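# Working through the structure, step by step
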Amino acid sequence: VGDFGCGEALLAEKLKGHCVVKSFDHVAVNDSVTVCDIANVPMDDNELNVAVFCLSLMGANFTDYLKEAHRTLKLDDRIYIYEATRSFIDKEALIAGLRTLGFGQVAVEEEGKFTHIIASKTHTSPKNPISSIDGLG
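So, here's what we can say about the structure. (Residues numbered from 1 in each chain as written. Predicted model: local features only at pLDDT ≥ 70, side-chain atom pairs only at ≥ 80, totals over all residues. Heavy atoms only, no water.)

So, about helix 3 (residues 91-101). Along helix 3, the residues classified as buried are L94, I95, G97, L98 and L101. Taken end-on, helix 3 shows its buried residues confined to a sector of 160°, consistent with a single buried face. Each element contacted by the buried residues of helix 3 is listed here: helix 2 (62-72), strand 5 (73-84), strand 6 (103-111) and strand 7 (114-121). Where helix 3 begins, the capping side chain belongs to D90, and its oxygen is found 3.2 Å from the backbone nitrogen of E92. Following helix 3 by one or two positions, G102 has its phi on the positive side, about 115°. (Buried < 20%, exposed > 50% of the residue type's maximum accessible area, 1.4 Å probe, protein only. Helix = DSSP H or I, 4+ residues; strand = E, 2+ residues; numbered from the N terminus. Arc of directions from axis to C-beta. Contact = heavy atoms within 4.5 Å. Polar contact = N/O pair within 3.5 Å; in protein donor to acceptor, adjacent residues only side chain to side chain.)

All right, on to the pairing of strand 2 (residues 22-25) then. Looking at chain direction, strand 1 (residues 2-4) and strand 2 are connected through 3 bridges and run parallel. Bridge assignment links F4 to a residue of strand 2, and that residue is F24. Handedness of the crossover is the feature at issue here: the chain leaves strand 1, passes through helix 1 (residues 10-15), returns alongside strand 2, and the resulting connection is right-handed. Pairing geometry for strand 2 and strand 3 (residues 33-35), over 3 bridges, is parallel. Looking at strand 3, one finds that F24 is bridged to T34. (Pairing = 2+ DSSP bridges. Right-handed = clockwise from strand over helix to strand, strands pointing away.)

So, to be careful, I would describe these as geometric facts and stop short of saying anything about function.
Dropping the structure here:
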């Protein structure tokens, strides 16, 4: 599992003993967090089974973060996005952007004040070159 923008690395703490979680953030709150720009994590291509973004797509270059998740995910594996519903300007544009990046089987569910998106890496490379995705603000 790759936790992109992990904050306090709580996901790694909760899943300890169940799976390996790689925690990435701009600032390390403890030794388990790898300090890096989440647009360029120190992992090989096709290494992850799961990529998680929980309140971490706030940067203007969030498209780069999603591209990096695509690069590091194995084919048919999943990305999970949890963001505040109010952050979405256009969910359909975001879904279209995910599909262009090479994600399919996109499911969107609103849960209270949050939106949960699950998608699978269905293509090994983006369908079309893309510089940015709309939908979040």
